[in-house]
Amino acid sequence: MRRVGGGMSAFVAFAVGVATILSLLLGDNPALFGGQAGSEELARRLALPGDVLLRLVVIVVALSIVIGVANLLFVHVGRAARGAFTSAVVLASFAFTIYWYVSRRGDTSLLEAVQVPIESALAALLFLSLTLGGARILQKRADIWGLLFVVVAVIVLLGSIPLAELAPVKALSDWLLAIPVSAGARAILLGIALGAVVAGVRALLGQDRAFRG
Amino acid sequence: MSEEFNWLEYVEHEESAPEPERRGRLSRLLSRRPCLPGRPRLRLPRLRRRFRLAGLAFWRRRPKDSAPEQESATSLLDQRAERPLEDLDERLQFLRERSISPSQPSADAQQALYEVDDVLVTPEIAQKPGGVISAGALSKAQRQQVELLQDIVGGATQAEEPAGRRFLPSQALFSLSAAPRMIAAAALLALVSLPFASSDFAVGALPPSEFPEERPGFAAVYEALDGLTGSDFALVALEYGPAAAGELDSLADLVLRHVFARGVKPLIVSSNPIAIAHARNIIRAINRSVAGSGISLLPGYDYHILRFLPGGALGIRELNENFADVVKVSAKGISTGLQLDSLDRVKSIVLISDSAETVRNWAEQVVAASDNAPLLAFTSYSAAPIAQVYADASAEILGLVFGYRDAYTYGEELQASFGGVPPAPANNQSSADGTRDSQANQPQEADAMGERPQATAEPAPTETPLPSATPPPTATPAPTSTALPTATDLPTATATLETIVIVEVRSPQQVRIRRGPTTADDILRLAQTGDTFEVIGANGDGSWYQIALANGLEGWIAAFLVDEGRTTRAAFEAGRASASARSPTERVVLERGFLLSLGKNGPRFYQADAPILSDIHEFVLMRDRSQEAPRLEAMTLGTLAAVLLIVVGNVLSAFGALRGRADPNDRRGSFDD
């Protein structure tokens, strides 16, 4: 039965994927049908399955957020019952935030008072970590790559300092950002696009079955 | 704690359960069916084989000429329920055993897993309730990577801790090895704090006050927003979380102020639920900054925070495909009253994001489908390199503004555009030859809904030279450089008994208060019937009064639209206090002349998509800019210190390596690995 279920789920995924792709490719494009009478209606109808399926995805994702919150609560309730103090703090914070929001008719000041400062501070700590890491890179990686990393980091940082004396360095920094970094960024974008295509094809062919959980 | 749940035992127990218990329900039912002696029972696996031969799983079948060990892991996983464990490949059995008890691999297992052992690393999990950091133990390879990272960034090495002992941050904080890092961190913190304490520590130049010529997209973004009018809508996507708020809030604040100052209603959306809540707080901060002017932004009227867009890129796509439906519901789940049929009703799409991927999603899913709304991208500094590539290659993205330095330049341009300097009456004086542009003097008043033109509502100013800057109101009489009645003969014993000249709006329609005594001057705000203002001057022929506004600004109002009178300052202030006692909602509604019905569900506003005012300068002029320069100077100092630290640290490391202290065999983490 499990095999049948697995085959059916793979078949459904394949069918839905193909239907969505065809709908997106052919739908809402009357020119594909020669612009003859009724081509607009045909194009509209072809676009319908893709729209419906994608809207269903959005609804499922929205529902999954609720399920995720519930799951998180259950996990921490279990951990708190076994004596985990941090889980108890999480649950208490959750309850207090809900109470605050409801009792104050949608007041989100807790977000500004707690979450934004904490996350901003964590982001600022990244500056410290990267700086200290940059200062120790040659100590742990005394090779050409480590040296290259240090040189590039220093050039880019110096280039961002608004001092007239550093204008030549800024020109070099701009070149680094415009050429090598841009090339790398384009390569990353190409890689992402190719990866997305490959992942989609694998999912359609049943090689990847993350949907089975 | 002795009754603690042990998931490892649970896994062991489940995997070693008798085979019939792991069959499916239908299989168990079939196995219970009576059968004739000597006849085999009908077993489900045969049915399964038939299904498989029918082609349901054809893409997973093994090629005929392939070896058994080439069968895919997915296929083996699927067959797990119907195959006994002993049928599994030997190496898979050893891998399974190792995953259950990783610390005791047998000699046979080590031999069988040769060359696979380093690839298929089994994570070791130690269940320790009460600890988050210490909950997961790491494999050898993972521990080596962690050690390398900790060596580089300067954390304590967990591997040095005794097994099962929790990592205590205090040990790292006060250990001798952490002292240099603590000193360096404290020095950095002190350095970046100095500009906030004193302006003597300013280093480097502030960003330019004008858009750099080498970045035409920057100016294009500003001009696109500046060209909006009160009848337009701007879609503002806030796509960043609290971690990026420190950098992007300044850009979001400027964009929203620019939009509000142009009288445009922003439609705020996001695929990030936290950003939805954060947007509300940003607008509250803007509201607080302009509170002194009597202006209050009203949710559902002056701006709309739309519902959350779940699904990432798909949610963004849904905004494009079902725009009319999305804009009907606010973030609080109530109706917005907006009747916008398509995205084409939006004149500008503003994206403020901390991720280059989000920029790509918006450009592909939304902007590409819009005929007349380009994407104005505002990103964090970290997202800029990749976003810039996309902005350069994509026709849908008009320009890219990024980082706090760009925010400063944008703010300077905004301030200059909206008159950071108080308006000079000289701007409204006659030209050198004593003539005026008759076209500019044509009355072009709008009605309450901002439609234009309408019948004459303000007189054309005469060519009489206007008075110079009028002195502010004091205990002395009101300015009398014109035919205005003076108040010199009125009692002025105390400030409260001081008599002042006031005007009261008598026009049944809204009256515009302008920056100067011509209809060509900018509109500062609107006045309602019955509003009173203190007169502080007039133009030469008395056709315009110069009045004091509540926010400390000065404006001009046409004389024929008001009645002049006198009162004591005490009475005048008392009347103003009474007016200000109205709720912000009431004041905004009265100020803007919109219909309000108090239903059982609270106030409801009509014509929510109608235009409102234009050029509400308070949103720009009343912006708090006191921390802008110190923040930029702190950034400069921090960058300088970081460069210094990196150079000194690595020079010392290089000297150490030359003196032979470095281990030449230590190649952990090198790119060759």
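Now for a look at the structure at hand. Please read all numbers here as calculations on a predicted model, not as lab measurements. (Residues numbered from 1 in each chain as written. Chains lettered and ligands numbered in written order. Predicted model: local features only at pLDDT ≥ 70, side-chain atom pairs only at ≥ 80, totals over all residues. Heavy atoms only, no water.)

All names here are of chain B. The full count for this structure, using the stated rule, is eight aromatic pairs over all chains. Between Phe-211 and Phe-218 the ring centres are 4.7 Å apart and the planes differ by 55°, which places this aromatic pair in the tilted class. Measuring from ring centre to ring centre gives 5.5 Å for Phe-260 and Phe-619, while their planes differ by 35°; the resulting arrangement is tilted. One end of the pair, Phe-260, is in helix α11 (residues 245–261); the other, Phe-619, is in helix α20 (residues 618–621), with 359 residues separating them in the sequence. Relative accessible area serves as the criterion here: at 1%, Phe-619 is assigned to the buried category. Taken together, the ring pairs connect Phe-211, Phe-218, Tyr-222, Phe-378 and Tyr-410 into an aromatic cluster. (Phe/Tyr/Trp six-rings, centres within 6.5 Å; stacked < 30°, edge-to-face > 60°. Helix = DSSP H or I, 4+ residues; strand = E, 2+ residues; numbered from the N terminus. Buried < 20%, exposed > 50% of the residue type's maximum accessible area, 1.4 Å probe, protein only.)

Turning to the nonpolar core, a few remarks are in order. Leu225(B), Leu238(B), Tyr240(B), Ile352(B), Phe378(B) and Phe619(B) are the most contacted members of the largest nonpolar core, which has 51 residues in total. Sorting elements by how many residues they give to this core places α11(B) first, with ten residues. If near-sequence neighbours (up to four positions away) are discounted, Phe378(B) is found in contact with Val221(B), Leu225(B), Leu251(B), Val255(B), Val350(B), Leu351(B), Ile352(B), Ser353(B), Val401(B) and Tyr410(B). Core analysis: the next-biggest nonpolar cluster, separate from the first, contains 37 residues, Ala185(A), Leu351(B), Val359(B) and Leu400(B) among them. (Core = buried A, V, L, I, M, F, W, Y, C linked by side-chain atoms within 4.5 Å. Contact = heavy atoms within 4.5 Å.)

The next thing to look at is the packing of helix α15 (residues 356–365) of chain B against helix α16 (residues 384–393) of chain B. Residue and element names in this part refer to chain B. Direction vectors running N to C along α15 and α16 enclose 20°, while the axes themselves pass 8 Å from each other. Compared by their axis directions, α15 and α16 come out roughly parallel. Contacts between α15 and α16 involve Ala-356, Val-359, Arg-360, Ala-363 and Glu-364 from the first element and Ile-386, Ala-387 and Tyr-390 from the second. A breakdown of the residues in the contact of α15 with α16 according to their chemical character gives six nonpolar, no polar and two charged. (Axes fitted to C-alpha atoms, helices over the stretch in contact; angles between N-to-C directions. Parallel < 35°, antiparallel > 145°, perpendicular 65-115°, else oblique. Nonpolar A, V, L, I, M, F, W, Y, C, P; charged D, E, K, R; others polar.)

Moving on to the pattern of salt bridges. For the structure shown, the criterion picks out 16 salt bridges over all chains. Notably, a salt bridge pairs Arg317(B) with Asp51(A), separated by 3.6 Å at the nearest N-O pair. Placement of the pair is Arg317(B) in helix α13 (residues 313–321) and Asp51(A) in helix α2 (residues 39–81), with the two residues belonging to separate chains. Between Asp406(B) and Arg215(B) there is a salt bridge whose closest N-O contact spans 2.6 Å. Of this pair, Asp406(B) sits in helix α17 (residues 403–417) while Arg215(B) sits in the loop between α9 (179–197) and α10 (216–226), and the two are 191 residues apart along the sequence. On the basis of relative accessible area, Asp406(B) is assigned to the buried category, the value being 8%. If you follow the salt bridges from partner to partner, you end up with Glu412(B), Arg623(B), Arg625(B) and Glu628(B) in one network. (Salt bridge = Lys/Arg side-chain N within 4 Å of Asp/Glu carboxyl O.)

Before going further, it helps to spend a moment on helix α8 (residues 180–205) of chain A. Counted at 1.5 Å a residue, the expected span for α8(A) with its 26 residues is 38 Å, and the 37 Å between its end C-alpha atoms agrees. Listing the buried residues of α8(A) in full gives Ser182(A), Ala185(A) and Leu189(A). Here the buried face of α8(A) lies against α7 (167–178) of chain A together with α16 of chain B. At the C-terminal side of α8(A), Gly206(A) shows a positive phi close to 85°. (Expected span 1.5 Å × (residues − 1).)

A few words now on a nonpolar patch on the surface. Residue and element names in this part refer to chain A. Nonpolar side chains collect at one region of the surface, where Ile-65, Val-69, Phe-94, Ile-98, Tyr-101 and Val-102 lie side by side and expose about 510 Å² of accessible area between them. Among the elements of the structure, α2 and α3 (85–103) are those that each provide at least two residues to the nonpolar patch. When residues in the nonpolar patch are grouped by element, the largest group, four residues, is from α3. Tracing the backbone through its elements, the reader meets Val-102 in helix α3. A relative accessible area of 59% places Val-102 in the exposed class. (Patch = residues over 30% accessible without salt bridge, like charges linked within 9 Å, V, L, I, M, F, W, Y side chains within 5 Å. Areas by Shrake-Rupley, 256 points an atom, 1.4 Å probe, with all protein chains shown as cover.)

Now for the pairing of strand β11 (residues 544–548) of chain B. Residue and element names in this part refer to chain B. The buried count for β11 comes to five of five residues, which makes it a mostly enclosed element. Of the two faces of β11, the one holding Trp-544, Gln-546 and Ala-548 and the one holding Tyr-545 and Ile-547 are both buried throughout. For strand β10 (residues 532–538) and β11, the ladder comprises four bridges, and the chain directions are antiparallel. Following the sheet pairing, Val-535 is matched in β11 by Ile-547. Bridge count for β11 against strand β12 (residues 554–558) is five bridges, and the pairing is antiparallel. By the bridge assignment, Tyr-545 is partnered in β12 with Ile-557. (Pairing = 2+ DSSP bridges.)

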